[in-house]
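What the coordinates show
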Amino acid sequence: MTNTLVNLLNFNRQGMADYFVQLGEQPYRAQQVIQWIHQYGLQDFAAMTNLSKSLRNKLTEQAEIRLPEIAFENTAEDGTHKWVLRMQDGNCIETVFIPEDDRGTLCVSSQVGCTLNCDFCSTGKQGFNRNLTTAEIIGQVWIAVRKLSKQNGFHDHSVTNVVMMGMGEPLLNFDQVIAAINIMLDDFAYGLSKRRVTVSTAGVIPAIYQLRQITDVALAVSLHAPNDELRNKLVPLNKKYPLSELMLACKNYFKEDKRRRVTMEYVMLAGVNDSEEHARQLVELLKDVPAKMNLIPFNPFPLTQYQRSSNTVITRFRDILMAAGLVTTTRKTRGDDIDAACGQLVGQVKDRTRRHQRYLEKAKIRDNSS
């Protein structure tokens, strides 16, 4: 039987206002309902006491607040928390919360699997099924806030930052991601600062320009290589959008705010992209780009051919970048004992691309020949 109820999680405030107008109600009701859902965590329309009884009855008959199902959750020794969330169609995604002394960062997924096929990423090897809806994206935030709240589900700002760095390429699900971000930023929902919401991309250049026109949330770029030849292998999207064009887009992203910088994510792969020459090439590539570097020790996953660079190599690489004036940090590995570290999110994807099957076959051939 087809579900005809309208899921209100799909609406940002403007979308909610439009919906209430369609119901013959005043648009200001959107602000009230957004607040009940996202600040107070209510799913029961009858408990929304500042709405008229007739409106509450109307919503009960025609609408719902439908969340992904929590299929599994686990907490790592370092406090990192992972949820496996099951969608209505049976696909699963993963969401991760990383607690730190001065912040709590939620890593949110935007697709079931990933359309891209980055060579070092386990998510990419799972294949791709579909984009997530706005409700499925913001539902991850809703669930995390309730689970982490110390005030009976109330939004108590335990989640201070959101990074669109989970499963998927956010800019290939542009409209749904933007709608979800609007809810994250809404003062009547989660009230996050634009500086505390980050969209990560492998380099979908037209969408980077579009994002800049719509919002000035933080931008992170999955760089991972300092030249086109190597990046073509590690990040195949580079064949369509090469580094020269990507750097130009990054250079212009914060053109009106000289204080802000694009974060360049760089996974450290032993013997692949971690030489001193690679570091010098990075310095040259980024010399005119307002950027800061985030070096990420590689997190191994089953059947991968890659290994993590040693701490000594990573430190030497970082020192070369910093000596050239590039602000550089090395990301602390978190949650790897529950497969919640960067690059390890896999979910359960009904792969429409057969990519996962091809990857398993290729890995089997590689293992048999070694």
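Scoring rules and cut-offs
Residues numbered from 1 in each chain as written. Predicted model: local features only at pLDDT ≥ 70, side-chain atom pairs only at ≥ 80, totals over all residues. Heavy atoms only, no water. Helix = DSSP H or I, 4+ residues; strand = E, 2+ residues; numbered from the N terminus. Buried < 20%, exposed > 50% of the residue type's maximum accessible area, 1.4 Å probe, protein only. Areas by Shrake-Rupley, 256 points an atom, 1.4 Å probe, with all protein chains shown as cover. Contact = heavy atoms within 4.5 Å. Phe/Tyr/Trp six-rings, centres within 6.5 Å; stacked < 30°, edge-to-face > 60°. Lys NZ or Arg CZ within 6 Å of the ring centre and 35° of its normal. Salt bridge = Lys/Arg side-chain N within 4 Å of Asp/Glu carboxyl O. Pairing = 2+ DSSP bridges.

In terms of helices and strands, the protein carries twelve helices and 14 strands. Burial analysis of the protein (370 residues in total) assigns 55% to the buried set. Carbon together with sulfur atoms contributes 48% to the accessible area of the protein, which is approximately 16,900 Å² in total.

Its place among the elements puts F174 in helix α6 (residues 174-185). Overall, F174 belongs to the buried group, its relative accessible area being 10%. C-alpha separation for the pair F174 and N131, spaced 43 residues apart in sequence, amounts to 9.6 Å. Ignoring any residue separated from it by four or fewer positions in sequence, one finds F174 in contact with A207, Q210, L211 and I214.

In this section: the packing of aromatic side chains. Applying the stated criterion to the full structure yields eight aromatic pairs. Against the face of W142 rests R146, its NZ or CZ located 4.8 Å from the ring centre.

To continue, consider the pattern of salt bridges. Any two side chains of opposite charge can pair, given that their charged atoms come close. A complete count under the given rule lists 21 salt bridges for this structure. Measuring nitrogen to oxygen at the nearest pair gives 3.1 Å for the salt bridge that ties K58 to E25. You can see K58 sitting in helix α3 (residues 53-62) and its partner E25 sitting in the loop between α1 (13-22) and α2 (29-39), a full 33 residues away along the chain. Overall, K58 belongs to the partly exposed group, its relative accessible area being 22%. The buried category is assigned to E25, whose relative accessible area is 16%. For the salt bridge of E276 with R316, the shortest nitrogen-to-oxygen distance reads 2.9 Å. Taken together, the positions of E276 in helix α10 (residues 276-285) and R316 in helix α11 (residues 311-323) put the pair 40 residues apart, joining distant regions of the chain. The class of E276 is partly exposed, set by a relative accessible area of 34%. A relative accessible area of 37% places R316 in the partly exposed class. Among the charged side chains, a salt-bridge network with shared partners connects E276, E277, R280 and R316.

This next bit is on α1. One full turn of an α-helix is made of 3.6 residues, so residues set three or four places apart face in the same direction. When α1 is considered as a whole, its buried residues turn out to be G15, M16, A17, Y19 and F20. Here the buried face of α1 lies against β1 (6-7), α2, α3 and β2 (63-64). G24 sits one or two residues past α1 and shows a positive phi near 80 degrees.

The pairing of strand β3 (residues 69-75) with strand β4 (residues 81-86) spans six bridges and is classified as antiparallel. Bridge pairing in β4 links E73 to W83. Adjacent in sequence and paired antiparallel, β3 and β4 are bridged by five residues, among which G79 carries a positive phi angle near 95 degrees.

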